[in-house]
Amino acid sequence: MNALPTCVLGFVLLAMPAVRADLVADLTPKAEAGDLVSQVELAKIYEQGTGATKSVKEAAKWYVKAAEQGNLEAQLALGAIYFRGQGIPKDSREAAKWLLMAATQGNVGAQCQMARLHMMGAGVPKDDIEAYKWAYLAAGQGDLSAKKVIMILELRMSPEEILQAKEHDKTVEELKKLDLPEAEQVPPLEPIAPETLEPAAN
């Protein structure tokens, strides 16, 4: 009695790679022509290996093209890819570069990550004032992890340093006035474990 649905399911599963391969063939010329949506979709296909041979290097190539056009999702993906260093050389400076772009666009997760990176000197100079600036912005938008970062920083910073950090050129009020993407439109940014980060080069 269940034989027919099982056969149908089997056929659908066998047909999926071909459908995804057709999608790659359709997306590639659009992505090459600069279509942002196609670039992101193509990057995801290569990153996941669905419909194309899995290639983080190829995924990163398309994410870069989208990220350079200001796509927040691509910037966050590149930050994660370069920190993981799986399928592509680990590069904390390159990861920080893309996370900084996302943080500047107002992404709370990226702002908190920038705070952590500056605390540890991973991919960016070790700088508690800069760390506090980013944590302060993220905390002002309700990020609980950023509030914890602030608590840690306040234990090792002077009142003068904290005041300097709070005088950031982008206040929380200014960020709220920006036309930022809704949180649901971008993937959540996973916390970066300290052991995965490279120390700052001397």
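Anything mentioned here points back to the structure above.
Every value quoted in this text rests on a predicted model; they were computed, and no experiment measured them. For every chain, the first residue of the written sequence is number 1, and numbering continues from 1 onward in sequence order. Owing to the predicted nature of the model, reporting of local features is limited to residues with pLDDT of at least 70; listing and counting of side-chain atom pairs is limited to 80 or more, with chain, interface and lining totals taken over all residues. Note: side-chain values were computed over all heavy atoms of the structure, leaving out hydrogens and water.

## Notes on the pattern of salt bridges
Next up, step 1: Whenever Lys or Arg places a side-chain nitrogen within 4 Å of a carboxyl oxygen from Asp or Glu, that contact is recorded as a salt bridge. If you walk through the whole model with that rule in mind, you get eight salt bridges.
Next up, step 2: For the salt bridge of Arg-84 with Glu-47, the shortest nitrogen-to-oxygen distance reads 3.3 Å. With Arg-84 in helix H4 (residues 72–84) and Glu-47 in helix H2 (residues 36–48), this residue pair connects regions lying 37 residues apart in the sequence.
Next up, step 3: Here the term buried applies to any residue with accessible area under 20% of the maximum for its type, exposed to any over 50%, and partly exposed to those in between, with areas from a 1.4 Å probe on protein chains only. Overall, Arg-84 belongs to the partly exposed group, its relative accessible area being 43%.
Next up, step 4: A salt bridge links Lys-61 to Glu-58; its shortest N-O distance comes to 3.0 Å. Taken together, the residues Lys-61 and Glu-58, both in helix H3 (residues 56–68) and three residues apart, mark about one turn of the helix.
Next up, step 5: Since its relative accessible area comes to 37%, Lys-61 is described here as partly exposed. Strands here mean DSSP runs of E at least two residues long; helices mean DSSP runs of H or I at least four residues long; both are numbered from the N terminus.

## Digging into the packing of helix H6 (residues 108–120) against helix H7 (residues 128–140)
Next up, step 1: To get an axis, fit a line to the C-alpha atoms, keeping to the stretch in contact for a helix; angles then go from 0 to 180 degrees between the N-to-C directions. Taken N-terminus to C-terminus, the directions of H6 and H7 make an angle of 160 degrees; their axes are 8 Å apart at the nearest point. Between H6 and H7, the angle falls in the class roughly antiparallel. The two elements H6 and H7 cross, and the hand of that crossing is left-handed. Side by side, H6 and H7 meet where Val-108, Gln-111, Cys-112, Met-114, Ala-115, His-118 and Met-119 of the first sit next to Asp-128, Glu-130, Ala-131, Trp-134, Ala-135, Leu-137 and Ala-138 of the second.
Next up, step 2: Throughout, the ten residues Ala, Val, Leu, Ile, Met, Phe, Trp, Tyr, Cys and Pro are labelled nonpolar, Asp, Glu, Lys and Arg are labelled charged, and all others, Gly among them, are labelled polar. Grouping the constituent residues of the contact of H6 with H7 by class yields ten nonpolar, two polar and two charged. Geometric relationships in this document are graded by angle, where less than 35 degrees denotes roughly parallel, more than 145 denotes roughly antiparallel, 65 to 115 denotes roughly perpendicular, and other angles denote oblique. With the far helix as reference, a near helix turned anticlockwise by less than a right angle produces a left-handed crossing, and one turned clockwise produces a right-handed crossing. Two residues qualify as a contact provided that any one of their heavy atoms is within 4.5 Å of a heavy atom in the partner residue.

## Quick look at the nonpolar core
Next up, step 1: We call a set of buried Ala, Val, Leu, Ile, Met, Phe, Trp, Tyr and Cys residues a nonpolar core when their side-chain atoms join them within 4.5 Å. One finds Tyr-63, Leu-78 and Leu-117 to be the most contacted residues of the largest nonpolar core, which totals 55 residues.
Next up, step 2: Beyond its immediate sequence surroundings of up to four residues, Leu-78 is in contact with Ala-60, Tyr-63, Val-64, Ala-67 and Trp-98.

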